[in-house]
Amino acid sequence: MLLQSPRPARIVMWHGGRQWDGASEIRPGRKGGTEQGPGIYCTNHYLAARRYAKEGGQVRKLELEPRLLLESAALPLCTVEKFVLDNTPKRVHKQLIGELRTACSESELRKRILIGAAPHCPAEAILNLCVKAELAHGARGLALATLFIVHGIDASLQRINGDEVWGVIFNPACIKSNTSVAVDEVEEAHYQLPDPLKSLE
């Protein structure tokens, strides 16, 4: 059961990448290219997005309405353990499950949305462990994104440094607006969009 809570306000971010034709979708990431997990990456800093667009790419302005953010949710320990058993190599099962159980016992969950039956662990625990073990790319990365989506978790937000926030979108359906923006259309005053994490405090 998913406990009810107010949804995050609409979040506006920049995305820089290759040409984007048609509907947005999650594509399998390459090894070493999913350091924040599987999904569509975005930032509140325009210049950072422009660097990722590179030659021939484009910057897009995204408006998001995620149901839940990864950092605000906790998943049933049994669910993430099953994910490990079904989607990771047998050689890492013992280590990953042990670390998940440690995260479950050591985490403060009072401010989290608790999904399903107890005991719970922070939703980002399985993401962080898979990224660390280089298991968040390719088909495993898509399976991880699906795990989050089916439990109502559409995106993640993390402060990288200072006032820059990175977002990872697991569920493209939470993108409510997706607009290509030319360089000369962006005023310097809009290079840095509002900090989405401050609106959640």
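Up top you'll find the structure we're talking about.
In this text the structure is predicted, and so the values were computed from the model without any measurement. (Residues numbered from 1 in each chain as written. Predicted model: local features only at pLDDT ≥ 70, side-chain atom pairs only at ≥ 80, totals over all residues. Heavy atoms only, no water.)

Trainee: Describe the packing of helix H3 (residues 93–106) against helix H4 (residues 123–132), naming the residues involved and giving the relevant values.
Mentor: Interhelical geometry of H3 versus H4 gives an angle of 145 degrees and a closest axis separation of 10 Å. Here the hand of the crossing between H3 and H4 comes out right-handed. Of the residues in H4, those touching H3 at Leu 96, Glu 99, Leu 100 and Ala 103 are Ala 125, Ile 126, Leu 129 and Lys 132. (Axes fitted to C-alpha atoms, helices over the stretch in contact; angles between N-to-C directions. Helix = DSSP H or I, 4+ residues; strand = E, 2+ residues; numbered from the N terminus. Left-handed = near helix turned anticlockwise from the far one by under 90°. Contact = heavy atoms within 4.5 Å.)

Trainee: Explain the nonpolar core residue by residue, including any values.
Mentor: One finds Leu 75, Leu 100, Ile 126, Leu 144, Phe 148, Ile 153 and Phe 170 to be the most contacted residues of the largest nonpolar core, which totals 32 residues. Here this core gets six residues from one element, more than from any other, and that element is H4. Counting 14 residues, the second-largest nonpolar core is a separate cluster that includes Leu 69, Ile 169, Cys 174 and Leu 197. (Core = buried A, V, L, I, M, F, W, Y, C linked by side-chain atoms within 4.5 Å. Buried < 20%, exposed > 50% of the residue type's maximum accessible area, 1.4 Å probe, protein only.)

Trainee: I'd like a description of the packing of aromatic side chains, backed by residues and values.
Mentor: For the structure shown, the criterion picks out four aromatic pairs. Their ring planes at 80 degrees and their centres at 6.5 Å tell us that Tyr 52 and Trp 166 sit as a pair that is edge-to-face. With Tyr 52 in helix H1 (residues 46–53) and Trp 166 in strand E9 (residues 164–169), the pair connects residues that are 114 residues apart, well separated along the chain. Cluster of aromatic residues (ring-pair linked, three or more members): Trp 14, Tyr 46 and Tyr 191. (Phe/Tyr/Trp six-rings, centres within 6.5 Å; stacked < 30°, edge-to-face > 60°.)

Trainee: Hey, could you go over the environment of Val 80 for me, with residue numbers and the actual values?
Mentor: Among the secondary structure elements, Val 80 is positioned in helix H2 (residues 77–87). Distance in space between the C-alpha atoms of Val 80 and His 120 is 9.4 Å, their sequence separation being 40 residues. Aside from chain neighbours lying at most four places away, what touches Val 80 is Leu 75, Leu 100, Cys 121 and Ile 126.

Trainee: Account for H1, with residues named and values stated.
Mentor: Among the residues of H1, Tyr 46, Ala 48, Ala 49 and Ala 53 are the ones counted as buried. Projected down its long axis, H1 shows its buried positions confined to an angular sector of 160 degrees, all on one face. Against the buried residues of H1 lie strand E1 (11–17), strand E2 (40–43), strand E3 (58–64) and E9. Note on H1: the residue one or two positions beyond its end, Lys 54, has a positive phi of about 55 degrees. (Arc of directions from axis to C-beta.)

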